[in-house]
Amino acid sequence: MWRDDPTIRILGCGNPLVGDDGVGIHVIERLNELHSELPDNVELIDAGVCGLDILNMLENAEKVIIIDAVKGAGNIGSIHRFGIEDIKGARSNSVLSIHETCLADVLCIAEHIQKMPEKLIIFAVEVEMTDEISLCLSHKMQAYVDEVIDLILDELRAMKAS
Amino acid sequence: MTRVVVDPLTRIEGHLRLSTEVNENGVITDAQSSGMLFRGFERILVNRDPRDAARITQRVCGVCPTSHAMASGNALDDLFGIADQIPKDALVARNIIQGLNMIASHATHIYVLWLPDIVNPAYRDVLATIGETGNALWKELLYRFAPISYRIDGVSIPPGKAYVNAIKEKKRLQEAIAIIAGKMPHQMSSILGGVTYRPNVADIGKLASYYYEVMDFVDSSTLGVDHGTWLHNTFQASSPQNAVKFVVEHLQELVDKSLLSNDFSHSAGWGDVELLAAFGCELIGETLLGLPASLKLDRTGGYDSNSSVGFLTYGVYYDVENGDGYDPLEFGKTGFQKAAFITNSLEHQKFDHRNVTEEISHSFYTGEDNLHPFDGVTEPVIDADEINYSGNDQSKYSWMKAPRYKGVPCEVGPLARMIAMEEPLTMGLIKSFTDNGYSAANTFTRMVARVQEMLIISEQLRKWITSDLDPNGRFSVPADLNMAKDSQGIGLWEAPRGALGHWVKTGSDSKITNYQMVVPTTWNSSPRDKNGIPGPIEQALIGTKVSAVENLLGIDNSNPTGIYHAARSYDPCIACAVHTIDLTKENGRNKRVFDIV
């Protein structure tokens, strides 16, 4: 289908096999259920733990929203909204395997090797349980997924207006 | 005696724990390599439709899923009895998909996972001892190979030019695979019976342009001479001696020019390989070229002269000169990269898969020991008390089994493949090393073999794309599930990291009754066997000096470069893990600094 409106891509990151780490994936699944209500120019991607392959997923999209899990900065369920400038100070804790290349590193590499999207927003959700094998989000976390969805829908409306 | 444990070993795939004993002279005297993840795919596959195996087994890994798809595809072609009918063009398409992945994986290992090791601050200090030349060289190494987010003494170092450009190439190669295989990682094209996608003329044109982009990177970074010149004088050299002679004379010319100017830039003729060969290697750099210092990578990661470690390769890539079909049991007999078992004294023997067994006496598994993969079982220990990392006679310390060929632990990977195909540069280097009392296999020869293989396959890829692939050819043969009744199949292949085998058996309902994978890192990172013989990485660690340049500036157990170099030179690949962002770190100005775990 031919379109002339800018592509908005939403990437959910994380490993859904270890509980709350998969919150980004759960958000993508929920958005998929709402797909008919989303504008045509919105693409949803389960980016899993793709590491450097996220570089390819940042191509050919004007606006990108990333959802990932975050740990340790506040209360469980807090949702942080970052721009690329906000995570520039981040650095990997030397656990650099290709699978574990962190989002901040990937975005930093992206800035060196490719044209970045005009707008990039990261929703980082404060999570609880990431050290247990589980397909489910922790009880607390399930409620926060709706909040993330609302924030994303607000963001989409703002993008449309701008 | 000090125990030095690296857990996890970073800049590899997945979770590997290395535990070593280091004596008062800084020499590693004992080592245990522990895989810390349970794969379990064998158990997932039981009772499933075998055709799904080529999709499911790819999920073992996001870095070399292609190889699992191919090994599984071969096992299925065999299981359904149609391997002899697979159309030539399907085989060419599979070769292209695998070749692209091999180059991407090697480039990633060389530039992203391994070369950052030689910008370890220990080498700044070592190179500083030789004055201006050393300082100039250190600057050049940092300029090329510094990884992302790198800091030395709190100072942020911009990412290296070669590092960044290699990631660009890896990214492009993922796109290239997706052109004919749907997506990458976890491509969708290679299946039982052939491939799902018929490449068109435009695809072939695009693939050719990707090839040229890779060669641009090779010529502007990896090599200081044109890749054609390099391959003509090494891979196509008239003898191993001549291949080494070409490299040494080429390096001598560069050294003569640069030692006065201290210019080690690419425009002065120094490719990444030339820098590594002249300054990374004691035998070439110091002995043959007379340089004042080197990183002595040839002194790390070698085997003791009494070691029994052999080299194993199953062969890889279909011989498309032969037209349709292939024989899964004689796979690698003809064609480009051949199957072989090579003993520790470099004697070549014909490979026979029946000699492959897996031991579990030091692994977290129970059941019968020393089984061929057709009869293999994957039954984890139930009692956690059985886990014991000490490495003593009884202890179980790894999720990896201990594969053996005729009872011998084997090194697998580019070096084994280059030896099997008697690649002149590799064989010439090995002869120079053994003549001078070095181990044939060491960190340096492993890295050179990987670079050389990347170049050789790039050339082969061009042929597959531009002359062998016929868009009007046939790309699959049909197969019915009934054909897999009470059957068995063998899939032999090579992943970038080495020999990869899948063995599958089915029952009367054609469903899988047993599926076993023996993967490359299980060979390289194997624990001890029932005779107490350590695996290849364990043996390579034992005898290696723990700190930089044979402990030149003293023993530093907190920066065990010897362990890093030796283990990473095998390109270990374990599996996937969890990742989250950790926001707990704060800096002095009370501003949040994000830390990633």
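Residues numbered from 1 in each chain as written. Chains lettered and ligands numbered in written order. Predicted model: local features only at pLDDT ≥ 70, side-chain atom pairs only at ≥ 80, totals over all residues. Heavy atoms only, no water.

(A) Highlighting the overall build of chain A. Secondary structure summary: chain A contains 4 helices and 6 strands in total. Going residue by residue from the N terminus, the α and β elements of chain A occur as β-α-β-α-β-β-β-α-β-α. The proportion of buried residues among the 162 residues of chain A is 54%. Nonlocal contacts in chain A, meaning residues at least 24 apart in sequence, comprise 79% of its contacts between residues at least 6 apart. For chain A, the accessible surface area stands at approximately 7200 Å², while carbon and sulfur atoms represent 48% of it. (Helix = DSSP H or I, 4+ residues; strand = E, 2+ residues; numbered from the N terminus. Buried < 20%, exposed > 50% of the residue type's maximum accessible area, 1.4 Å probe, protein only. Contact = heavy atoms within 4.5 Å. Areas by Shrake-Rupley, 256 points an atom, 1.4 Å probe, with all protein chains shown as cover.)

(B) Structural detail: the overall build of chain B. Tallying secondary structure elements over chain B gives 19 helices and 20 strands in all. Seen through its principal axes, chain B has C-alpha atoms that stretch 75 × 60 × 60 Å. Of the roughly 20600 Å² of accessible surface on chain B, 49% is carried by carbon and sulfur atoms. Charge centroids of chain B, computed over 54 positive and 71 negative side chains, lie 5 Å from each other. (Lys, Arg positive; Asp, Glu negative; His and termini not counted. Charge placed at Lys NZ, Arg CZ, Asp CG, Glu CD.)

(C) Examining the sheet that holds strand 15 (residues 410-411) of chain B more closely. All names here are of chain B. In space, the 4 strands of this open sheet follow the order 10-9-8-15, with mixed pairing throughout. Lying at the two open borders of the sheet, with one neighbouring strand each, are strand 10 (348-349) and strand 15. Sheet topology places strand 9 (residues 337-342) next to strand 10; 2 bridges connect them, and they run antiparallel. Across the sheet, the residue bridging to Phe341 is Gln349, located in strand 10. (Pairing = 2+ DSSP bridges.)

(D) Just the pattern of salt bridges, in detail. Residues and elements named next belong to chain B. Under the defined criterion, the tally for this structure stands at 39 salt bridges over all chains. As a salt-bridge pair, Asp77 and Arg94 come within 3.0 Å of each other at their nearest N and O atoms. In this pair, Asp77 is assigned in helix 3 (residues 65-79) and Arg94 in helix 4 (residues 88-114), connecting sequence segments 17 residues apart. A residue is classified by how much of its surface remains accessible, and Asp77, at 0% relative accessible area, is buried. (Salt bridge = Lys/Arg side-chain N within 4 Å of Asp/Glu carboxyl O.)

(E) Quick peek at helix 6 (residues 132-145) of chain B. All names here are of chain B. For helix 6, with 14 residues, the first-to-last C-alpha span of 20 Å sits near the 20 Å given by 1.5 Å per residue. The buried fraction of helix 6 amounts to 10 of the 14 residues, a majority that puts the element mostly inside the structure. Restricting attention to buried positions, one finds in helix 6 the residues Thr133, Gly134, Ala136, Leu137, Trp138, Glu140, Leu141, Leu142, Arg144 and Phe145. (Expected span 1.5 Å × (residues − 1).)

(F) Layout of the nonpolar core. Ile96(B), Trp230(B) and Phe444(B) are the most contacted members of the largest nonpolar core, which totals 201 residues. Per element, the largest residue contribution to this core is 16 residues, and it comes from helix 4 of chain B. Setting aside its immediate chain neighbours within four residues, Ile96(B) contacts Ile180(B), Leu207(B), Leu461(B), Trp464(B), Ile465(B) and Leu469(B). Counting 24 residues, the second largest nonpolar core, distinct from the first, contains Val23(A), Leu31(A), Leu137(A) and Met159(A). (Core = buried A, V, L, I, M, F, W, Y, C linked by side-chain atoms within 4.5 Å.)

(G) Quick peek at the sheet that holds strand 17 (residues 498-506) of chain B. Residues and elements named next belong to chain B. A sheet is described by the order of its strands in space; here 3 strands give the open sequence 16-17-18, paired in antiparallel fashion. Of all strands in the sheet, those bounded by a partner on one side alone are strand 16 (488-495) and strand 18 (512-518). For this sheet, the mean inter-axis angle between neighbouring strands, taken without regard to orientation, is 10°. (Axes fitted to C-alpha atoms, helices over the stretch in contact; angles between N-to-C directions.)

(H) A look at the pairing of strand 14 (residues 402-405) of chain B. All names here are of chain B. Of the two faces of strand 14, both are covered, the one formed by Ala402 and Arg404 as well as the one formed by Pro403 and Tyr405. In this structure, strand 11 (residues 356-359) lies alongside strand 14, joined through 4 bridges in antiparallel fashion. Note on strand 14: the bridge partner recorded for Val356 is Tyr405.

(I) Up close: the packing of helix 3 (residues 103-113) of chain A against helix 7 (residues 161-181) of chain B. At their nearest, the axes of helix 3 of chain A and helix 7 of chain B sit 10 Å apart, and the two run at 95° to each other. Our classification of the angle between helix 3 of chain A and helix 7 of chain B gives roughly perpendicular. In this structure, helix 3 of chain A uses Ile109(A), His112(A) and Ile113(A) to contact helix 7 of chain B, whose residues at the interface are Tyr163(B), Val164(B), Ile167(B), Lys168(B) and Lys171(B). (Parallel < 35°, antiparallel > 145°, perpendicular 65-115°, else oblique.)

(J) How the structure looks around the packing of aromatic side chains. Residues and elements named next belong to chain B. Under the definition given, this model contains 19 aromatic pairs over all chains. For the pair Trp230 and Phe246, a centre-to-centre distance of 6.1 Å together with 75° between the ring planes defines the contact as edge-to-face. Of the two residues, Trp230 is situated in helix 9 (residues 227-233) and Phe246 in helix 10 (residues 240-261); the sequence distance between them amounts to 16 residues. Phe246 carries the same exposure label as Trp230, and that label is buried. (Phe/Tyr/Trp six-rings, centres within 6.5 Å; stacked < 30°, edge-to-face > 60°.)

(K) Fine view of unusual backbone geometry. Residue and element names in this part refer to chain B. Of note, the amide linkage connecting Met184 to Pro185 takes the cis form, showing an omega dihedral of 5°. Secondary-structure assignment places Pro185 in the loop between helix 7 and strand 6 (190-191). Positive phi, close to 70°, is recorded for Ser510, a residue that is not glycine. Residue placement: Ser510 occurs in the loop between strand 17 and strand 18. The backbone phi angle of Glu550 is positive, close to 55°, even though this residue is not glycine.

(L) Looking closely at the side chain of Glu282(B). Residues and elements named next belong to chain B. With respect to the secondary-structure elements, Glu282 resides in helix 12 (residues 282-288). On the accessibility criterion, Glu282 (10% relative accessible area) is buried. Polar contacts involving the side chain of Glu282 include one to the side chain of Arg299, which spans 2.7 Å. Residue contacts for Glu282: discarding those within four places in its chain leaves Thr287, Ser294, Lys296, Asp298, Arg299 and Tyr438. (Polar contact = N/O pair within 3.5 Å; in protein donor to acceptor, adjacent residues only side chain to side chain.)

(M) Structural view of helix 19 (residues 561-568) of chain B. Helix 19 of chain B sits mainly inside the fold: 8 of its 8 residues count as buried. Inspection of helix 19 of chain B places Thr561(B), Gly562(B), Ile563(B), Tyr564(B), His565(B), Ala566(B), Ala567(B) and Arg568(B) among the buried residues, and these make up the whole buried set.

(N) Main features of the environment of Glu386(B). Residues and elements named next belong to chain B. Residue position: Glu386 is located in the loop between strand 13 (379-380) and strand 14. What makes Glu386 partly exposed here is its relative accessible area of 34%. As for Glu386 and Lys396, which are separated by 10 residues in sequence, their C-alpha atoms are 6.5 Å apart. For Glu386, the contacting residues outside a window of four places in its chain are Val381 and Lys396.

(O) Quick peek at the packing of helix 7 of chain B against helix 8 (residues 201-222) of chain B. Residues and elements named next belong to chain B. Running from N to C, helix 7 and helix 8 point in directions that differ by 165°, and their axes come no closer than 10 Å. Put simply, helix 7 runs roughly antiparallel to helix 8. The two elements helix 7 and helix 8 cross, and the hand of that crossing is left-handed. Contact residues: Ala162, Asn165, Ala166, Glu169, Arg172, Leu173, Glu175, Ala176, Ile179 and Ile180 in helix 7; Asp203, Lys206, Leu207, Tyr210, Glu213, Val214, Phe217 and Ser221 in helix 8. For the contact of helix 7 with helix 8, the residue count by class is 10 nonpolar, 2 polar and 6 charged. (Left-handed = near helix turned anticlockwise from the far one by under 90°. Nonpolar A, V, L, I, M, F, W, Y, C, P; charged D, E, K, R; others polar.)

(P) Quick look at the confidence of the model for chain B. The predicted model of chain B has a mean per-residue pLDDT of 91, with 95% of residues at 70 or higher. Low pLDDT, under 50, characterises residues 575-597 of chain B; the stretch is placed with 78 contacts to residues that sit more than four places away or in other chains. (pLDDT = per-residue confidence, 0-100.)

(Q) Summary view of the confidence of the model for chain A. A residue-level look at chain A finds 88% of positions with pLDDT of 70 or above and a mean pLDDT of 85. Contacts from residues 92-99 of chain A, a stretch scored under 50 in pLDDT, to residues over four places away or in other chains number 35 contacts.

(R) Layout of the environment of Thr196(B). Mapped onto the elements of the fold, Thr196(B) is located in the loop between strand 7 (194-195) and helix 8. Apart from the residues lying within four places of it in its own chain, the contact partners of Thr196(B) are Met188(B), Ser189(B) and Ile191(B).

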